[in-house]
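# Fold and geometry: a report
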Amino acid sequence: VQRLLRLVAMFRSERFQARLRRLHDSLIVSFLFSHCSLLLQVGKLAFAILWLNHVMCCAWFAIGHLSQTDTRSTWLGNLGPGGVPFSELG
């Protein structure tokens, strides 16, 4: 019974509650920092993939635009979605 009373008194003490608050705050901060860091890394990776995709598409368009054929027809002149030539979709 006496140990239980000491335990209850310890939990009610201001110093113990302050320690618990500091521990809770530090855990929250470290948790948020690690998740924000992970989210930032995923965002950077997604941006890099999208940028690389954009650059490769621009290069592919340039190849189609600058290519020399004997019929002077390229895939850019062919009809794309909705009957609009690919060269006018941009």
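Before any of the text, the structure's been laid out above.
Report follows, based on the coordinates. This is a predicted model, so every value here is computed, not measured.

### Points about the overall build of the chain
- Secondary structure assignment for the chain yields 2 helices and 0 strands.
- In the form shown here, the chain has an accessible surface area of approximately 8,400 Å², with 69% of it arising from carbon and sulfur atoms.

### Some remarks on the state of the cysteines
- In the structure shown here, the tally under the stated rule is 0 disulfides.
- With no disulfide partner, C58 has as its closest neighbouring cysteine sulfur the one in C57, 7.2 Å distant.

### What about a nonpolar patch on the surface?
- A cluster of nonpolar side chains, L4, L7, V8, M10 and F11, forms an exposed patch at the surface whose accessible area comes to about 440 Å².
- Within the secondary structure, M10 sits in helix 1 (residues 2-12).
- A residue is classified by how much of its surface remains accessible, and M10, at 37% relative accessible area, is partly exposed.

### Section: the packing of helix 1 against helix 2 (residues 14-66)
- Remark: helix 1 packs on helix 2, axes separated minimally by 5 Å, with the N-to-C direction vectors making an angle of 60°. Overall, the two elements helix 1 and helix 2 adopt an arrangement that is oblique. Listed contacts from helix 2 to M10, F11 and R12 of helix 1 are E14, F16 and Q17.

### Points about the environment of S67
- Here S67 lies in the segment after helix 2.
- Residue classification places S67 among the partly exposed residues on the basis of a relative accessible area of 31%.
- In terms of polar contacts, S67 uses its side chain to reach the backbone carbonyl oxygen of G64, at 3.3 Å.

About the cut-offs
- Residues numbered from 1 in each chain as written.
- Predicted model: local features only at pLDDT ≥ 70, side-chain atom pairs only at ≥ 80, totals over all residues.
- Heavy atoms only, no water.
- Helix = DSSP H or I, 4+ residues; strand = E, 2+ residues; numbered from the N terminus.
- Areas by Shrake-Rupley, 256 points an atom, 1.4 Å probe, with all protein chains shown as cover.
- Disulfide = S-S within 2.5 Å.
- Patch = residues over 30% accessible without salt bridge, like charges linked within 9 Å, V, L, I, M, F, W, Y side chains within 5 Å.
- Salt bridge = Lys/Arg side-chain N within 4 Å of Asp/Glu carboxyl O.
- Buried < 20%, exposed > 50% of the residue type's maximum accessible area, 1.4 Å probe, protein only.
- Axes fitted to C-alpha atoms, helices over the stretch in contact; angles between N-to-C directions.
- Parallel < 35°, antiparallel > 145°, perpendicular 65-115°, else oblique.
- Contact = heavy atoms within 4.5 Å.
- Polar contact = N/O pair within 3.5 Å; in protein donor to acceptor, adjacent residues only side chain to side chain.

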